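Here's the letter readout for the chains.
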Amino acid sequence: PAPVGVVYMGAAPSTPSPAPSTPPSNNITIISSLVGLREVDAAIASAEAALQKLRQRRGLLLQWRRRRRLPKQREGAEVGRAAQKPSCSFPPASTVRGEPGQADVRLRRPFCEAVRTPLPSGSLSELAAEGVSDVAVLPSLLVPCCAHSGTTFLWRCMQYAFHPERVCGSVADRAGCEGGRCGKQRRSGRVAVYAPLAADWSRSACGSRRYLLPGLAGNVQGHWDYRKEWFFYGGGGAAWPKGWEDYAGVELPLCYWEREYQRLLRVRPLADTLAHSRALCSSAQPSGEKPWWQRGPRGGGPCTHRACLPLDMRKIRFGPEFDGEYDRETSPRWQVQATKALPRLDPSEHPGAVVPDFTPNYLCSVKSLRNLRLSVGAPRHWRLLLVMRTPLDALTSSYKMFVQWGWVRSANLSSDVMPQLRRLRRCNPRLYDSPELLGSLSDEQVLRYFESCWGDGVWRNFVTNSLHYVCLRAWIAAGFSREQLLLLSSEKLRTLQAHELVDALANFTGLHHNAPLLATRREELSAQCEAPDSAANRAAWLRRRQRSKSSKAPLVNTHRDFNGSNAQVRSRLDTNALAEFTRLPGAPAARQ
């Protein structure tokens with residue numbers, strides 16, 4: 001039945017009405033005696049209240065379903081997958097209230113003092129030779145450039161191809177495969193045998209193979225996953241003043257890097273994972289008796305770890321499957337989140353670990369280069385992988401992305417570029433007018449020019465963030481050799497086949513390419529590492545396009561076709577701005 005005050009238009013109601021004696025003068029009939037503004041507002045309020053109740057009920061149903069499903073998930077993880085059982089226990093059962101007698105305040109203990117002594121910058125083999133038995137591993141594979149160029153695509157590919165469970169895995173006949181360690185494959189023959197446990201990544205099990213072991217990021221629910229960007233040295237982040245303990249993060253056992261452990265941790269009760277985050281964040285000041293980055297008892301009073309954040313539960317929202325578990329009316333207002341963790345290893349036991357940092361804002365950030373150069377220098381075993389676009393493409397794509405994100409307030413790109421070009425000219429008129437002179441400067445002069453005229457790498461510095469040739473010259477002047485750098489064109493990246501890309505990355509980084517194992521999982525490898533414009537992907541896209549006009553090839557840079565907020569027009573430079581900007585990277589020094 002129709003609600004009171006509603007007149008159906010179009011399809012007739014179920015009960016036929018007699019035809020009116022005279023046709024209505026308007027398409028919409030307003031019954032003033034039944035419908036008024038107050039009645040409409042009341043109906044909207046009633047509908048919103050009903051919708052809110054339905055949302056609450058949905059949350060409860062999701063919670064009930066998750067609890068019903070949890071025993072089956074645990075059972076399924078154990079039956080037939082004994083080889084994949086995580087190698088350490090889960091956080092013990094607890095409550096959201098924390099320890100008895102603790103006040104419900106924003107920060108129960110003050111933050112620990114910032115640690116200014118850097119992590120050891122030597123390679124794992126060097127640390128093992130020095131007798132170091134436990135260390136938080138400093139990232140040595142940097143991708144410092146460039147945003148909007150395909151770094152996320154590269155991150156996803158490298159996570160897949162160089163994960164230790166694949167690098168340290170092998171192939172075997174299906175008849176002799178051990179249950180849960182084998183990859184799913186319908187055909188008979190050779191199958192992948194993964195190495196899912198941390199014990200499988202040791203020297204005794206994996207030999208000298210090198211694998212990618214990213215740091216971890218913790219979320220508000222106490223769950224962990226691999227972290228792409230750290231922003232520690234600079235580039236727009238505020239981590240550097242917090243000290244090196246913020247970079248190292250909280251201390252976690254190596255089993256937290258196991259995929260299965262991460263998955264099962266996500267189905268643990270929320271109270272358990274929140275309590276574990278509180279425990280991880282309870283630290284103590286370094287005693288000075290042993291290096292701060294090693295495990296063991298600390299001296300000094302209790303404090304809150306620098307890699308932790310207080311959470312106001314009145315403002316935090318959990319995922320829908322967990323939101324119903326936290327009663328904000330009766331539970332504490334304040335909790336704490338452990339945000340990050342670098343792997344802590346015995347260098348002699350796990351010599352193959354390579355930790356990456358894919359912060360794409362480091363390259364053109366004066367602060368990043370200064371902090372890095374004055375703390376750890378330019379270690380010879382480090383590798384810098386740069387995914388680069390032409391300066392003009394980098395300029396326009398970055399502006400377009402921030403238009404899509406709603407960060408840009410200017411009318412168009414030219415109104416931002418011209419003032420930034422004028423500031424750059426005022427800073428050093430000689431190099432601005434004759435950029436080819438950059439190649440004749442000494443390292444000290446290059447660093448002085450870079451620190452004087454470049455910015456901190458934040459997103460709004462469109463011009464200096466796009467003139468990569470100056471930034472790259474500064475990093476070489478800071479001590480990094482050309483052999484430590486790999487410049488990969490974004491356009492070239494878009495055309496590579498999966499095996500070509502993985503081969504090139506392995507040759508440069510020293511990471512092990514387990515080609516026999518990956519060959520058994522070609523479809524997975526293509527899904528993760530096949531570039532959008534490769535021959536195989538273009539053919540597949542054309543086949544999809546014949547079936548559906550809406551099908552599009554996947555893009556490395558997802559902002560290329562964005563046209564909301566008139567982005568395509570706003571990101572075009574006018575004639576004067578275009579001529580002035582393209583003159584700088586077009587100089588001979590920029591092309592070397």
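It should be noted that the structure appears before, not after, this text.
Residues numbered from 1 in each chain as written. Predicted model: local features only at pLDDT ≥ 70, side-chain atom pairs only at ≥ 80, totals over all residues. Heavy atoms only, no water.

## Some words on the nonpolar core
No. 1: Counting 131 residues, the largest nonpolar core has Met158, Phe162, Trp224, Tyr233, Trp257 and Trp454 as the members making the most contacts within it.
No. 2: In terms of residues, this core owes the most to one element, helix H16 (residues 468–477), which gives eight residues.
No. 3: Those residues in contact with Trp454 that lie beyond four places of it in its chain are Cys364, Val366, Leu424, Tyr449, Thr464, Leu467, Val470 and Cys471.
No. 4: Leu270, Leu311, Phe322 and Tyr326 belong to the second largest nonpolar core, which has ten residues in total. (Core = buried A, V, L, I, M, F, W, Y, C linked by side-chain atoms within 4.5 Å. Buried < 20%, exposed > 50% of the residue type's maximum accessible area, 1.4 Å probe, protein only. Helix = DSSP H or I, 4+ residues; strand = E, 2+ residues; numbered from the N terminus. Contact = heavy atoms within 4.5 Å.)

## Focus on the state of the cysteines
No. 1: The full count for this structure, using the stated rule, is eight disulfides.
No. 2: Disulfide pairing is shown between Cys112 and Cys303; the S-S distance is 2.0 Å. Handedness here is read from the sign of the S-S torsion; for Cys112 and Cys303, about 85°, the answer is right-handed. Separated by 191 residues along the polypeptide, Cys112 in the loop between helix H1 (37–78) and helix H2 (124–129) and Cys303 in strand S9 (residues 302–304) bring together distant segments of the chain. The same class applies to Cys112 and to Cys303, which are both buried.
No. 3: Sulfur-sulfur distance for the disulfide between Cys364 and Cys471 comes to 2.1 Å. Note on the Cys364 and Cys471 pair: the S-S dihedral is about 105°, so by sign convention the disulfide is right-handed. (Disulfide = S-S within 2.5 Å.)

## Concerning the sheet that holds strand S12 (residues 340–341)
No. 1: The three strands lie next to each other as S7-S6-S12, forming an open sheet whose pairing is antiparallel. Because the sheet does not close on itself, it has two edges, and the strands there are strand S7 (224–226) and S12.
No. 2: Where strand S6 (residues 216–218) and S7 come together, three bridges link them in antiparallel fashion. Of the residues in S7, the one forming a bridge with Leu216 is Tyr226. (Pairing = 2+ DSSP bridges.)

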